[in-house]
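# Overview (structure and organization)
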Amino acid sequence: MGDLGTYIPIVLALTLSQDLNLGTTLIFTGIYNIITGAIYGVPMPVQPMKSIAAVAISSPDFGVPEIMAAGICTGGALMVLGVTGLMQLIYKLIPLSVVRGIQLSQGLAFALTAVKYVRKAQNFSKPKSDLGGREWAGLDGLILAISCACFIVIVNGAGETEEESAEEQGNCESGENRFLKRVRKVISSLPSAFLVFTLGLVLGFIRKPKMVHEIKFGPSPIEIVKISRRAWKTGFLKGTIPQLPLSLLNSVIAVCKLSSDLFPGRKEFTAGSVSVTVGAMNLVGCWFGAMPCCHGAGGLAGQYRFGGRSGSCVAILGLVKLGLGLVLGGSLVVILREFPVGVLGVLLLFAGIELAIAARDMRSKEDAFVMLVVCSVSLVGSGAAVGFLCGVVVHLLLKLRKLAA
């Protein structure tokens, strides 16, 4: 459940603002989780395409047909790049420092959004509305969010690996007794993300007990979305064009780089295969009203941060999504609407920090310089595509400078 901090707010916002079919989305994304977990063997996330979601939430005329058209076009482009081998070529040519800049900017963006979720009251159907500061007390107050954050730090520490934890224990073995080491081992084995998410569900029912009567059992009807010529045009221009660079960089290239960092020694999957799976997900699911999906470096970092080490964890998550989609369907939105937003913010905060930490391997000042240029440009609102272009230009200028020296 390490990537639910990004999944739930976007899905909930699209459901409330554009009447997205939540039941269908859960069914398809659940199937995607199961398949990709089995294929890749790592906790490969399935997340909403964020640029398309942002356009849909902010534009009333960008409805479900336009969303699905944008997803199909983006998926088709990624499928072509993956099948032809062009994606693997792009992956090899892009400098690591540029990729790290994208990861750093995305991680910091997640973390900043998470802090906003914690500090400010939110209305996901109107994300730009200012509802004022969050109260300290209450079932969605600051004290609750801070307590959840402290609990995660106690359980997971700084997100160190098992090898690092063993080394630390070895270094201080003489100063600790067996009882304290046993207690620490038990604490570190707790599934913190699952416990925090379960707490949020319980508090949601406490906040609105009458929601039980609003829940209807059974799957939502799955129908083929009718996409007009105008919807194809609008979806491509407003959705696909801004989404495609982000999918190339964060959903394919950054995911492959981060996976090799987090899981050294395992068989690496190619950028082409990741591009094909992202394309296939959208070329199938979007015709039936499932939200456009992709993989994401932030989601992978979040899964890893909360203990995910294999494809089985996302496969289990997929089974849960599939079960909820079949049993509760679209009525699940009633429950998610009451979920404490501050708790979601805490999960998103740690996922963002884990993604940003991946940039710590930039040892030379030159690589760090390029990385920070990419991060700075991406964060100020220009977007990942502009940051990527600036980073490539700076990288080439530095290489030319070396040749001329």
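Because the structure is a prediction, the values reported are computed rather than measured.

### Details of the overall build of the protein chain
When helices and strands are counted, the protein chain shows 18 helices and 2 strands. Taken over the C-alpha atoms alone, the protein chain extends approximately 70 × 65 × 40 Å along its principal axes. Per-residue burial over the protein chain gives 52% buried out of 405 residues. Of all intrachain contacts in the protein chain linking residues separated by at least 6 positions in sequence, the fraction that spans at least 24 positions is 83%. Accessible surface computed for the protein chain: about 18600 Å², of which carbon and sulfur atoms make up 66%. Taking the average place of the 36 positive charges on the side chains of the protein chain and the average place of its 24 negative ones, the gap between the two points comes to 5 Å.

### Re unusual backbone geometry
Its identity is not glycine, yet D19 carries a phi of approximately 60°, on the positive side. Here D19 lies in the loop between α1 (4-18) and α2 (22-40). Judged by relative accessible area, which is 65%, D19 ranks as exposed.

### Some thoughts on the packing of α1 against helix α3 (residues 50-58)
Where α1 contacts α3, the two axes come as close as 10 Å, and the packing angle between them is 30°. Accordingly, the angle class assigned to the pair α1 and α3 is roughly parallel. Crossing geometry of α1 relative to α3 is assigned as left-handed. Contacts between α1 and α3 involve I10, A13, L14, S17 and Q18 from the former and K50, A53, A56 and I57 from the latter.

### Considerations on the confidence of the model for the protein chain
Averaged over the protein chain, the pLDDT score is 86; the fraction of residues at 70 or greater is 93%. The least confident element of the protein chain, judged by mean pLDDT, is helix α8 (residues 162-171) at 50; the most confident is helix α4 (residues 64-84) at 95.

### Examining the UniProt feature "transmembrane region" (unreviewed entry) in the protein chain
Those residues carrying the UniProt feature "transmembrane region" (unreviewed entry) are residues 20-42, 67-91, 136-155, 186-206, 313-333, 339-357 and 369-398 in this numbering. Split by type, residues 313-333 is 81% helix and 0% strand. Its first and last C-alpha atoms lie 24 Å apart. Structurally, residues 339-357 is divided into 89% helix and 0% strand, and its ends, taken at the C-alpha atoms, are 28 Å apart.

### A few points about the pattern of salt bridges
Applying the stated rule across the entire model yields 10 salt bridges. The salt bridge involving E66 is made with R230; its shortest N-O contact spans 3.2 Å. Pair noted here: E66 is in helix α4 and R230 is in helix α11 (residues 229-262), with a separation of 164 residues, a long-range link. The partner of D261 in a salt bridge is R100, and the shortest N-O contact between them spans 2.3 Å. Of this pair, D261 sits in helix α11 while R100 sits in helix α6 (residues 96-119), and the two are 161 residues apart along the sequence.

Conventions adopted
Residues numbered from 1 in each chain as written. Predicted model: local features only at pLDDT ≥ 70, side-chain atom pairs only at ≥ 80, totals over all residues. Heavy atoms only, no water. Helix = DSSP H or I, 4+ residues; strand = E, 2+ residues; numbered from the N terminus. Buried < 20%, exposed > 50% of the residue type's maximum accessible area, 1.4 Å probe, protein only. Contact = heavy atoms within 4.5 Å. Areas by Shrake-Rupley, 256 points an atom, 1.4 Å probe, with all protein chains shown as cover. Lys, Arg positive; Asp, Glu negative; His and termini not counted. Charge placed at Lys NZ, Arg CZ, Asp CG, Glu CD. Axes fitted to C-alpha atoms, helices over the stretch in contact; angles between N-to-C directions. Parallel < 35°, antiparallel > 145°, perpendicular 65-115°, else oblique. Left-handed = near helix turned anticlockwise from the far one by under 90°. pLDDT = per-residue confidence, 0-100. UniProt positions renumbered as here; feature names shortened; annotations may be inferred. Salt bridge = Lys/Arg side-chain N within 4 Å of Asp/Glu carboxyl O.

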